[in-house]
Amino acid sequence: MNTKIVKNKVAVKQPKINVITLGCSKNIYDSEVLMGQLRGNSLNVVHEADKVGKDDIVVINTCGFIDNAKQESIDTILQYSELKEAGKVGKVIVTGCLSERYKPELQAEITNVDAFFGTNDLQNILHELGANYKHELIGERLLTTPSHFAYFKIAEGCNRPCSFCAIPLMRGKHLSKPMEELVNEAKILAKNGTKELILIAQDLTYYGLDLYGVRKLDELMRRLSDVPGIEWIRLQYAYPSGFPMEILDAMNERDNICKYLDMPLQHITDNMLKSMRRGTTKQKTIDLVNQIRDKVPNIAMRTTLICGYPGETEYDFEEMKQWVEDTKFDRLGCFTYSHEEKTHAHTLIDDVSEEVKQQRVDDIMEIQQSISFDINQEKVGQTFKVLVDKKEGGFFVGRTEFDSPEVDNEVLIDATTGYAANGSFVNVKIDRAEDFDLYGTIV
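Here is what the cut-offs are and how they apply
- Residues numbered from 1 in each chain as written.
- Predicted model: local features only at pLDDT ≥ 70, side-chain atom pairs only at ≥ 80, totals over all residues.
- Heavy atoms only, no water.
- Core = buried A, V, L, I, M, F, W, Y, C linked by side-chain atoms within 4.5 Å.
- Buried < 20%, exposed > 50% of the residue type's maximum accessible area, 1.4 Å probe, protein only.
- Helix = DSSP H or I, 4+ residues; strand = E, 2+ residues; numbered from the N terminus.
- Pairing = 2+ DSSP bridges.
- Axes fitted to C-alpha atoms, helices over the stretch in contact; angles between N-to-C directions.
- Contact = heavy atoms within 4.5 Å.
- UniProt positions renumbered as here; feature names shortened; annotations may be inferred.
- 1 Å grid on protein atoms, 1.4 Å probe; cavity = no way out; pocket = protein on both sides within 12 Å on 5 of 7 lines; lining within 4 Å.
- Points joined across faces, edges and corners; volume = space filled by probe spheres on them.
- Expected span 1.5 Å × (residues − 1).
- Patch = residues over 30% accessible without salt bridge, like charges linked within 9 Å, V, L, I, M, F, W, Y side chains within 5 Å.
- Areas by Shrake-Rupley, 256 points an atom, 1.4 Å probe, with all protein chains shown as cover.
- Salt bridge = Lys/Arg side-chain N within 4 Å of Asp/Glu carboxyl O.
- Polar contact = N/O pair within 3.5 Å; in protein donor to acceptor, adjacent residues only side chain to side chain.

S.K.: Can you walk me through the nonpolar core in this structure?
M.R.: Burial of nonpolar side chains together is a common tendency in soluble globular proteins. Ranked by internal contacts, the top residues of the largest apolar core, which has 54 residues, are Ile154 and Leu199. For this core, the element with the highest residue contribution is helix H6 (residues 179-191), accounting for six residues. Counting 19 residues, the second-largest nonpolar core is a separate cluster that includes Tyr260, Val388, Ala420 and Leu438.

S.K.: Sorry, what's going on with the sheet that holds strand S11 (residues 257-262) here?
M.R.: Two pairing modes exist for strands in a sheet, parallel and antiparallel, and in both the strands are linked by backbone hydrogen bonds. Sheet architecture is open: six strands sit in the order S6-S9-S10-S11-S12-S13, paired in parallel fashion. Strands at the two margins of the open sheet, each flanked by one partner only, are strand S6 (149-153) and strand S13 (331-336). Across the sheet, the mean angle from the axis of one strand to that of its neighbour is 20°, orientation sign disregarded. Each of strand S10 (232-235) and S11 is contacted by helix H9 (residues 246-253), which is oriented at about 145° to S11, the strand it contacts most. Of the strands in this sheet, strand S12 (300-307) and S13 touch helix H13 (residues 354-377), which is tilted by about 175° from S13.

S.K.: I keep staring at the UniProt feature "binding site: [4Fe-4S] cluster 1" (unreviewed entry) in the protein chain and nothing clicks. Help me out?
M.R.: When the UniProt feature table is mapped to this numbering, "binding site: [4Fe-4S] cluster 1" (unreviewed entry) covers Cys24, Cys63 and Cys97. These annotated residues cover 74 residues of sequence, and their C-alpha atoms all fall within 10.5 Å of one another, placing them together at a single site. Note on placement: Cys63 falls in the loop between strand S3 (57-62) and helix H2 (67-85). With near-sequence residues (within four places) excluded, Cys63 lies in contact with Leu22, Gly23, Asn27, Ala69, Lys70, Ser73, Cys97 and Leu98. Summarising the element assignment, Cys97 is placed in helix H3 (residues 97-109). According to the relative accessible area criterion, Cys97 is buried, its value standing at 6%.

S.K.: Help me understand the layout of surface pockets in this model?
M.R.: If a probe as big as a water molecule is rolled over the atoms, it shows which places are left empty. For the second largest pocket, the calculated volume is near 820 Å³. Lining the second largest pocket are 34 residues; nearest its centre among them are Asp30, Val33, Asn120, Leu122 and Lys177. Of all elements in the fold, only helix H1 (25-40), strand S4 (91-96), helix H4 (122-128), strand S7 (155-156), strand S8 (175-176) and H6 reach the threshold of two or more residues within the lining of the second largest pocket. Element by element, the count of residues in the lining of the second largest pocket is highest for H1, at seven residues.

S.K.: What's the story with H13 in this structure? I'm lost.
M.R.: Owing to its 3.6 residues per turn, the α-helix aligns residues three or four sequence positions apart on the same side. Counted at 1.5 Å a residue, the expected span for H13 with its 24 residues is 34 Å, and the 35 Å between its end C-alpha atoms agrees. Of the positions making up H13, those classed as buried are Lys357, Arg360, Val361, Ile364, Ile367, Gln368, Ile371, Ser372, Ile375 and Asn376. In this structure, the buried residues of H13 make contact with S12, helix H12 (314-327), S13, strand S17 (425-433) and strand S18 (437-442).

S.K.: Whenever I open this one, H12 confuses me. Can you help?
M.R.: In this model, H12 (14 residues) spans 20 Å end to end at C-alpha, consistent with the 20 Å of a helix rising 1.5 Å per residue. Of all the positions in H12, only Asp316, Phe317, Glu319, Met320, Lys321, Trp323, Val324 and Thr327 are classed as buried. Among the structural elements, helix H10 (270-275), helix H11 (282-295), S12, S13 and H13 are those in contact with the buried residues of H12. Looking one or two residues beyond H12, the residue adopting positive phi is Lys328, at roughly 55°.

S.K.: What exactly am I supposed to notice about the side chain of Lys321 here?
M.R.: Relative to the helices and strands, Lys321 is located in helix H12. Among residues more than four places away in sequence, those in contact with Lys321 are Ile364 and Ile367.

S.K.: Is there a simple way to explain a nonpolar patch on the surface in this structure?
M.R.: Taken together, Leu211, Tyr212 and Val214 make up a surface patch of nonpolar side chains, about 250 Å² in accessible area. With respect to the secondary-structure elements, Tyr212 resides in helix H7 (residues 209-212).

S.K.: Teacher, can you tell me more about the environment of Thr343 here?
M.R.: With respect to the helices, strands and loops of the structure, Thr343 is situated in the loop between S13 and H13. With 64 residues separating them in the primary sequence, Thr343 and Val407 have C-alpha atoms 27 Å apart. Here Thr343 is in contact with Ser163, Phe164, Cys165 and Ala166, once residues within four sequence places are set aside. Of the polar contacts made by the side chain of Thr343, one reaches the backbone oxygen of Glu340; its length is 2.6 Å.

Listed below in structure tokens is the structure:
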């Protein structure tokens, strides 16, 4: 006679998986996809929890782009590996760009990390965490941003030969996502309350060449524009060489495509652009900016620049300063050059001191501060459609279509004069303006 013995089942508390994201918006996107898969496997996953338990698993999504970002990633890994050593954390797993680029060195130096993964190891990370990759979850993400906006990665990697950039070493060659997959993802996001898609890639303007043999960013923009519920579509990281002018037609045709373009130009002098392997010249760059502004007269253009690249002379810098003054970009960021191993620029002598690099950055940003102040003053008295991101102190804080979150200007709305829910659009009349902020009231 067979006897079945039924044992009392003891509920085992599931360890929490705490995902920590460092670096750029592309890393944010990757973390959200990972967390979506983990949640789809019924695992307990959180993003950057304040407290960690002794059985918790910490997944650190690292950045390996420039020195400061690498140091932050290393410090974070060391912090959690020490907590693990002290018995305050169960497991530590490292993924992302730093791990892709320096895995052997990290394994040798930080020995109590449980596993290191690269940038394209999603399925292996899931396996390590006791989960399976679920194809039916393509497009599903666990947003770490407020639900009303989402970073929307349309491609991975980069084919550009820029001398200073290590991204191809960490992210590989350009790989466009199929358009149908992206449209489906946009529909899922819109259904869950997302109103703004911020299109990101290492090079948006290359989209489609590898899949379809031609650039298809304009078609993708129109397809996404047709998705019900999507009220803003924003372009970040457009490359100047081979810029597809047809995307500007889509911008003019569709009200829900923001008149906004982020195009990192990096420098302006011919010898710097040539050494940087940017595939363009000073005159071509000036002509392109003018053509874009002619075609979309009220467009907000953002760019980023590098100061202190090898061989940058005082003359090069003065020429760039003058160009910044003349061009009057709506938005501008500036960074010191970082000498990255295995890049072409690493074969050059890093001959500009850190002090000079930083001084040049400060000089450029002082010019831009004045430009931004003047542009903002022209907005006083005008009314703008504003997307409200949060409430902070006595203000509702939002953005116009000319501003991306975290990096651009904000609109501060006096909370005593009206109410605006997070994620709502309101019309705001600008009462006064500062260097990087606008102040207004709801009308």
